[in-house]
Each structure stands twice: as C-alpha cells, then as structure tokens.
Amino acid sequence: KIVKFWLEDVGVDGFRLDGVRHYIEDGKKQVNTPQTHELLGDFYRTVKEINPDALLVGEVWDGSDLVAPYINHPELDLAFDFDLAETWVGSIASGDGRGINSVLGYDLRLVSPFDFATFLTNHDMNRLMSQVGGDINKAKMASALLLTSPGVPFIYYGEELGLLGAKPDENIRLPMRWEADANFGFSSGAPWKADPAEDPAPVSLQDTNAESLLNHYRSLIQFRKGSTAASTGETYLLESSDPNLVAYIRVSGEEVVLVIANPGIKPSSGARLSLAESSLRGTFRLKEVFGFKGEDLELTVDEQGGFEEIMVTETLPADGWIIYSGTR
C-alpha cells in the first residue's frame, strides 16, 4: 500500500534505498543475508508491477563482488559503486592512478555498465575537495572521469562548487552556497551551525566565471548529454606504457570519445597507448574538446578493432587530463 501510494498517488519516479545490505540479520550474519536478497526481490517485483519504469537505486556499501548480486538477480536497477568512488578519489589524492583501471575493468566484468551508479563522495564521506587538499585541478580531473565513464553518474550537492567538509557528519552536510551574503543565501534565519570556511565561491560568483568548477561541471554534463559514446557507449580500457595513466575509449556507432588522465605527481612523457580488439572499424579523426591542449589525432584500427602504441601527446602534466571526441 505504501509503494502504491507513492508511485500512483504522489507520482514519484522511484526510490533510493538506504543501507540495503543490513535489512535482515540472521544470527551473527548481519549483512547480505539470503533473507535480505529475498525481501528485495519481492520488493522489486512489487514496484515493477505498479510502474515498470520506476527506478530503484540502492546503497550497498560493500565490495563490488558483493554488490553485483543485488543488480544481477535483479533486486535493484542501480547500486552505488563504492569501490570505484573510493579508488577514483584515493588515486587522485595520492597521485597513484594504477588502481582506477583495475577497479573499472573488474566492475565492467561483474555487471552491465548501466547498472551501477557512479559518484565521487556522498553524505557519509569526507568531501572530495577536502580529500584532495583543496586542489581545483584534482577536482576537475575527478569530475572529468566521473562524467565520461560508464555507469549512471550522481553528484553530491556542493561538489560542483568545491564545497569543503570532513567528518564529523555535520561538517560534510553544510548548506549549499547560493549567494555571497550571510548564510550564503541558504536561509535568512540563524543557522544552528555556521560554515566557517572562506572557500569556495558561491553559485552567484562561479556562475559568471568561465573557469569555475561549477561551469566546468556544466560543460561536462552538456557534453555527456550530447554524446552517445560518452553516455551509453561501449567502454574499452587501453594498455599504457605508463601504468599510472588512466586511459579508455567509449564507442557508439561511428562516434568515439577518448579519455586520458594522469593522476600522478610527475608529468607523463612519451606514453604509448594500445588496444587489442574492439568494435571500432576504420579511421577516426579526433579533436581535443576538454582539458590539456592536444593536437588533432587520427586513429586507424586494424581488423580486430585494435591499434598498437599510439602517442597522444608527448607530455601530460601531473594532474593533467584530456578528452578527445570524433567520428569515423
């Protein structure tokens, strides 16, 4: 009755389910029990009978191998990908990008790329900007990976401004900064907890700054929405002579998006990229559309849809990234 009320009478589009793995405990086994899976399967079927288009998004804060069954049975339409989120942020913060390719490749083998919800941080995690030491270049790289990767991206409010915040929880759930006045335009009343930080600039100031983090997010979102390859295309991870580089291609029909990022603390020089096989066929002409300025690229693939040792740029600086887009 509750589900029917919200879906039919109120008209919501679905539900975000909290703490899914804890729903039913069985003695000492407190997470991911068979009873929890059974309950969610029943719930999923009930929801879909009422509205087949309703969306179920679940928070299963666990390793990807334990999250996958909730999606594959199915019991959820989407599950938040905590392994990838923590790897993205941890790798960018530490300057070691090797884990990103590994986790992304593993997740793609476990579930359909459109069944996991990607994100960088959420209301239970230290905010991205605090984890990367306030470095806007690192924040821009993280968002570029989020918004060009497979999956369904979610953005925690304030992340597009560079909002700061570290535990306890009240410090990572501070009000959104709208205006450059008292309480940042969030309220005219007296806040129970004031935000003492000077940064970041509010929406009203970032709105008019073409180089702001806010407009960077806007541009990437519009790019993803306008690119079938970047939003729903197949994903192929590239081999790199520099293991610290993150490199992948998204493909949809005759459209290609190529993403390369260097989370390292040193420039990457002379790195060569290769791909064994893919659905690519022919020659593609790619132009740099975001990030580090690169030369136009002509990419010719062999009969298997692969290529050997192309060099996109002689040097990609530390925290540098580049997005190419093009067609055959």
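Everything below is about the structure printed above this text.
Residues numbered from 1 in each chain as written. Predicted model: local features only at pLDDT ≥ 70, side-chain atom pairs only at ≥ 80, totals over all residues. Heavy atoms only, no water.

1. Quick look at the nonpolar core
Note on soluble globular proteins: their nonpolar side chains tend to be buried together.
Item 1. By size, the foremost hydrophobic cluster in this structure holds 32 residues, and its most contacted members are Trp88, Leu120, Leu128, Leu145, Val257, Trp321 and Ile323.
Item 2. Sorting elements by how many residues they give to this core places helix α7 (residues 136–146) first, with six residues.
Item 3. If we ignore the near neighbours within four places in the chain, the residues touching Trp88 are Ile100, Thr118, Phe119, Leu120, Leu145, Leu146 and Ser149.
Item 4. Grouped together as the second largest cluster of nonpolar side chains are 24 residues, Leu238, Val251, Ala271 and Phe284 included. (Core = buried A, V, L, I, M, F, W, Y, C linked by side-chain atoms within 4.5 Å. Buried < 20%, exposed > 50% of the residue type's maximum accessible area, 1.4 Å probe, protein only. Helix = DSSP H or I, 4+ residues; strand = E, 2+ residues; numbered from the N terminus. Contact = heavy atoms within 4.5 Å.)

2. Quick look at the side chain of Asp242
Item 1. Tracing the sequence through the fold places Asp242 in the loop between β7 (239–240) and β8 (246–252).
Item 2. Buried charge without a partner: Asp242 forms no salt bridge, and the closest opposite charge is Arg98, 8.0 Å away.
Item 3. Beyond its immediate sequence surroundings of up to four residues, Asp242 is in contact with Ser268 and Ala271. (Lys, Arg positive; Asp, Glu negative; His and termini not counted. Salt bridge = Lys/Arg side-chain N within 4 Å of Asp/Glu carboxyl O.)

3. Comments concerning the packing of α7 against helix α9 (residues 213–226)
In a pair of packed helices, the angle between the axes and the distance between the axes together describe the arrangement.
Item 1. Taken N-terminus to C-terminus, the directions of α7 and α9 make an angle of 15°; their axes are 10 Å apart at the nearest point. By the angle between their directions, the pair α7 and α9 is classed as roughly parallel. In the packing of α7 onto α9, the handedness of the crossing is right-handed. Between α7 and α9, the residues in contact are Ile136, Ala139, Lys140, Ser143, Ala144 and Leu146 and Leu213, His216, Tyr217, Leu220 and Arg224, respectively. (Axes fitted to C-alpha atoms, helices over the stretch in contact; angles between N-to-C directions. Parallel < 35°, antiparallel > 145°, perpendicular 65-115°, else oblique. Left-handed = near helix turned anticlockwise from the far one by under 90°.)

4. What about the sheet that holds strand β11 (residues 273–275)?
Item 1. Strand order in this open sheet of three strands is β7-β11-β14, and the pairing throughout is antiparallel. Two strands close off the open sheet at either side, each with one partner strand: β7 and β14 (307–310).
Item 2. Pairing geometry for β11 and β14, over two bridges, is antiparallel. Bridge pairing in β14 links Leu273 to Ile310. (Pairing = 2+ DSSP bridges.)

5. Considering a nonpolar patch on the surface
Item 1. Taken together, the side chains of Ile2, Phe5, Trp6 and Val10 define a hydrophobic patch exposed on the protein surface, amounting to about 400 Å² of accessible area.
Item 2. Relative to the elements of secondary structure, Val10 occurs in helix α1 (residues 2–10). (Patch = residues over 30% accessible without salt bridge, like charges linked within 9 Å, V, L, I, M, F, W, Y side chains within 5 Å. Areas by Shrake-Rupley, 256 points an atom, 1.4 Å probe, with all protein chains shown as cover.)

6. Considerations on the pairing of strand β9 (residues 255–262)
Where a strand is regular, its side chains alternate between the two sheet faces.
Item 1. Counting buried residues along β9, eight of its eight residues qualify, which places the element largely inside the surrounding structure.
Item 2. Judged by which residues are buried, β9 turns out to be covered on both faces: Glu255, Val257, Val259 and Ala261 on one side and Val256, Leu258, Ile260 and Asn262 on the other are all buried.
Item 3. Here seven bridges tie β8 to β9, and the two strands are oriented antiparallel to one another. Each residue of the ladder has a partner; that of Ser252, found in β9, is Glu255.
Item 4. Linking two consecutive strands that pair antiparallel, namely β8 and β9, is a turn of two residues; a positive phi of about 60° is found at Gly253 within it.
Item 5. Taken together, the eight bridges between β9 and strand β16 (residues 320–327) define a ladder with antiparallel strand orientation. Across the sheet, the residue bridging to Val256 is Gly326, located in β16.

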